[in-house]
Number of protein chains: 2
Amino acid sequence: MNFSEAKKEIDSALNQGKLCLVVGNCKVRYDGRAASKLSEGDRLLVIKPDGTFLVHQKSKMNAINYQGPGADVTTDLDGDALRVRAERRKPMKEVIDVFFHSLQSVQSFVMSDDSNLKLFGSERELADLLLDDLHVLEKGLKPLNKEADLRKGFADIMARDSSGRLVAIEVKRREAGLDAVTQLARYVKELSQRKDEKVRGILCAPRITDNAKTMLEKDGLEFIKLDYEVSDKAEIKGLEKKQKSLEGY
Amino acid sequence: MNFSEAKKEIDSALNQGKLCLVVGNCKVRYDGRAASKLSEGDRLLVIKPDGTFLVHQKSKMNAINYQGPGADVTTDLDGDALRVRAERRKPMKEVIDVFFHSLQSVQSFVMSDDSNLKLFGSERELADLLLDDLHVLEKGLKPLNKEADLRKGFADIMARDSSGRLVAIEVKRREAGLDAVTQLARYVKELSQRKDEKVRGILCAPRITDNAKTMLEKDGLEFIKLDYEVSDKAEIKGLEKKQKSLEGY
DNA sequence: GCGATCAGCGGCACG
DNA sequence: CGTGCCGTTGATCGC
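Residues numbered from 1 in each chain as written. Chains lettered and ligands numbered in written order. Predicted model: local features only at pLDDT ≥ 70, side-chain atom pairs only at ≥ 80, totals over all residues. Heavy atoms only, no water.

A. Quick peek at the overall build of chain A. Scanning chain A from N- to C-terminus turns up four helices and 14 strands. Since a compact globule built from 249 residues should have a radius of gyration of about 18 Å, the 26 Å found for chain A marks it as more spread out than a globular shape. Taken over the C-alpha atoms alone, chain A extends approximately 75 × 35 × 30 Å along its principal axes. Contacts spanning at least 24 positions in sequence make up 51% of the contacts within chain A whose residues lie at least 6 apart. Of the roughly 11,800 Å² of accessible surface on chain A, a fraction of 45% belongs to carbon and sulfur atoms. When the 44 basic and 42 acidic side-chain charges of chain A are each reduced to a single mean position, those positions are 3 Å apart. (Helix = DSSP H or I, 4+ residues; strand = E, 2+ residues; numbered from the N terminus. Rg over C-alpha atoms; globule rule 2.2 N^0.38 Å. Contact = heavy atoms within 4.5 Å. Areas by Shrake-Rupley, 256 points an atom, 1.4 Å probe, with all protein chains shown as cover. Lys, Arg positive; Asp, Glu negative; His and termini not counted. Charge placed at Lys NZ, Arg CZ, Asp CG, Glu CD.)

B. Main features of the side chain of E94(B). All names here are of chain B. Within the element layout of this structure, E94 appears in strand 7 (residues 94-109). Accessibility expressed as a relative area gives 1% for E94, which makes it buried. The contact partners of E94, leaving out residues within four places of it in the chain, are Y30, D31, G32, R33, Q67, A86, E87 and R88. (Buried < 20%, exposed > 50% of the residue type's maximum accessible area, 1.4 Å probe, protein only.)

C. Representation of the relation of the copies chain B and chain A in the model. Superposing chain B onto chain A takes a rotation of 180° plus a shift of 0.0 Å along the axis, which leaves an RMSD of 0.1 Å. Such a combination of turn and shift is consistent with a two-fold rotation axis. Residues of chain B ranked by C-alpha distance from the rotation axis are headed by T182(B), positioned 3.5 Å from it. Looking at chain B, 100% of its interface residues are interface residues in chain A too, so the copies touch through the same face. (Least-squares fit on C-alpha atoms with pLDDT ≥ 70 in both.)

D. Seen up close, the confidence of the model for chain A. All names here are of chain A. Mean pLDDT over chain A works out to 92, with 93% of the residues at or above the 70 mark. Between the elements of chain A, mean pLDDT differs from a low of 78, seen in strand 14 (residues 233-241), to a high of 99, seen in strand 3 (residues 53-56). Contacts from residues 147-153, a stretch scored under 50 in pLDDT, to residues over four places away or in other chains number 11 contacts. Throughout residues 244-249 the model reports pLDDT below 50, and contacts reaching past four residues in sequence, or to other chains, amount to 10 contacts. (pLDDT = per-residue confidence, 0-100.)

E. Local environment of the pairing of strand 6 (residues 81-88) of chain A. Residue and element names in this part refer to chain A. Of all eight residues making up strand 6, six are buried, and the element is well covered by its neighbours. Connecting the antiparallel pair strand 5 (residues 72-78) and strand 6 is a turn made up of two residues, with G79 showing a positive phi of about 65°. Alignment of strand 6 against strand 7 (residues 94-109), held across seven bridges, turns out to be antiparallel. Across the sheet, residue R88 finds its bridge partner in strand 7, namely E94. Between the end of strand 6 and the start of strand 7, which pair antiparallel, lie five residues. (Pairing = 2+ DSSP bridges.)

F. Fine view of the protein's contact with DNA strand D. In the vicinity of DNA strand D there are 32 residues, among which R33(A), Y66(A), R173(B), R174(B) and Y187(B) approach most closely. The side chain of Y30(A) places a nitrogen or oxygen atom 3.1 Å from a base oxygen of DNA strand D. Only strand 4 (65-67) and helix 4 (210-218) of chain A together with helix 3 (178-195) of chain B provide two or more residues apiece to the surface near DNA strand D. (Near = heavy atom within 4 Å. Polar contact = N/O pair within 3.5 Å; in protein donor to acceptor, adjacent residues only side chain to side chain.)

G. Structural view of the protein's contact with DNA strand C. Taken together, 32 residues lie near DNA strand C, and M61(A), E123(A), R173(A), Y66(B) and N211(B) sit nearest. Considering the 4 Å shell around the protein, atoms of DNA strand C inside it are sugar or phosphate in 80% of instances. Taking R173(A), its side chain carries an N or O atom lying 2.5 Å from a phosphate oxygen of DNA strand C. Within the side chain of Q183(A), an N or O atom sits 3.4 Å from a phosphate oxygen of DNA strand C. Sorting the residues of the surface near DNA strand C by element identifies helix 3 (178-195) of chain A together with strand 4 (65-67) and strand 7 of chain B as the ones contributing at least two each. Counted by class, the surface near DNA strand C contains nine nonpolar, eight polar and 15 charged residues. (Nonpolar A, V, L, I, M, F, W, Y, C, P; charged D, E, K, R; others polar.)

H. Looking closely at empty space enclosed by the protein. Residues and elements named next belong to chain A. With the rule as written, the count across this model stands at three cavities of 30 Å³ or more. In this structure, the largest cavity encloses a volume near 40 Å³. In this structure, the largest cavity is lined by L126, V171, K172, A205, P206, L226, Y228 and I236. Looking at the lining of the largest cavity residue by residue, the class counts come to seven nonpolar, no polar and one charged. (1 Å grid on protein atoms, 1.4 Å probe; cavity = no way out; pocket = protein on both sides within 12 Å on 5 of 7 lines; lining within 4 Å. Points joined across faces, edges and corners; volume = space filled by probe spheres on them.)

I. Here's a closer look at unusual backbone geometry. Even without a glycine there, the phi angle at K60(A) is positive, about 80°. Looking at where K60(A) falls in the secondary structure, it is placed in the loop between strand 3 and strand 4.

J. How the structure looks around helix 4 (residues 210-218) of chain B. Considered for burial, the residues of helix 4 of chain B that qualify are A212(B), M215(B) and L216(B). All buried residues of helix 4 of chain B fall inside an arc of 100° around its axis, so they share one side. (Arc of directions from axis to C-beta.)

K. Fine view of the pattern of salt bridges. All names here are of chain A. Applying the stated criterion across every chain, the model contains 34 salt bridges over all chains. Of the charged contacts, one joins R83 and D76 as a salt bridge, the two residues approaching to 3.2 Å between their closest N and O atoms. Judged by relative accessible area, which is 16%, R83 ranks as buried. Among the charged side chains, a network of salt bridges with common partners joins D76, R83, R85 and D97. (Salt bridge = Lys/Arg side-chain N within 4 Å of Asp/Glu carboxyl O.)

L. Fine view of the interface of chain B and chain A. Of the residues lining the interface, 66 residues belong to chain B; the matching set on chain A comes to 67 residues. Surface buried jointly by chain B and chain A totals about 5,700 Å² across both partners, of which 55% is contributed by carbon and sulfur atoms. Interface area lost by chain B to chain A is led by K58(B), M61(B) and M111(B), which between them contribute 13%. Here chain B is connected to chain A by four salt bridges. Put simply, D113(B) and R43(A) hold a salt bridge, and the shortest N to O gap is 2.9 Å. At the junction of chain B and chain A, the tally comes to 36 residue pairs in polar contact (both at pLDDT 80 or more). At 11 residues, strand 2 (residues 35-47) of chain B tops the list of elements feeding residues into the side of chain B that touches chain A. Here the side of chain B that touches chain A is built from residues that sort into 24 nonpolar, 20 polar and 22 charged. Relative to strand 8 (residues 118-120) of chain B, strand 2 (residues 35-47) of chain A runs antiparallel, the two being bridged by three bridges. Counted as the bridge partner of K37(A) is K118(B) from strand 8 of chain B. (Buried area = accessible area lost by both parts, 1.4 Å probe.)

So this is what it looks like as structure tokens:
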């Protein structure tokens, strides 16, 4: 395909707010938050109407080079190559240059789409469901306001147990690692200082790594295994108490 | 475009290890780690030779539905729609069904590409550079990374200061938030317990949020502002000591 | 707009 | 293989 035709096609697509796909052999250069070079190879370039700019190789899920929504895309005939540039200034100045040396295809499409994804099984959804069934965790647990105590990030669920102690509950939709325990520990620490009372911390997840469990126990926190099913409607399938509090350290 | 022709084209592309692009109006359903529904709209489907399966809407960087490398892709004429399915069993059973009701384009391409990205400015690179210039952080700091202290999760750099105290240094390539402080605090805590001596913790980043700085100071940790430039070769531009130790808590 | 956190995170490196 | 953690993380939500 001819470069100047290709340039026209891309420019026109950009102008009309169409999705533009370019396949060809290219080099890529990026300079911004980091910097990168990619030597010649066949790639797919996707340019979306919102400025999204994706350079895909033949494997892997993620684009090898990219620019998010809001990028300014321009084209230029640069000697024996067609240069497509995506530029951004918002977080900081960033530039991607794609130098096409040969083209397999340039196409553009009108994309009409008003639909939003409906997702089931998010952490938020699980926490909401659990809030309505706190007794499955422990008898006598009474929910407090869900997330209002701290402004700078706090536990998913706050509650009081049957003996009146404050309980911070962190829900994870997948295996909990060290970071999850660290996070809960921070919440418990800050809360107990703020409220000047002992606070329990419960981590709910379908699984926990060995290291995380060790650290959690050392910190006097608790883990409750919580499996769930997703099927149009996120549902809590069951749970298994595995670890009780060690009463401080 | 005709569905049965499209099916043939896609099947052939899959068979020959080509990149396949499909643009058309479709519905999408996903069931796996979570579940989702997406009603009709125009989308781009990218199928890579390694099984990568991406459904892109007209905006945003990330695919709205996807399957990673290793997915098994099949097609089926399903009444008045062309169904393209990506199935995976590896982490767990996951299925995406894309139902095309009309097609704008089906194309496939041979993709020859042996190049790897050269990236400059990664955290690892910054840490390595800093390791060779520890004095810019503080006079008398001596690196001791060869000890390879902990296996599972540890500070980027370990050193000893002029008075012989152990120092854990965490490098962040971007603004440090609460999580970065929490992470460093965990390292320092574990290390001081393990080594049975007081350990200093230094966080190096171009910026730190207010909350994070507050927490860091309360935990007796230190922050050193560390700017850098990336230009073909990651370079440490300068630094600014901002916060000194508060001598334990 | 900043900040904290989630994500079907993905990907990598190391044990 | 698990596990920790970085990422040009991106995207969302609350303030």
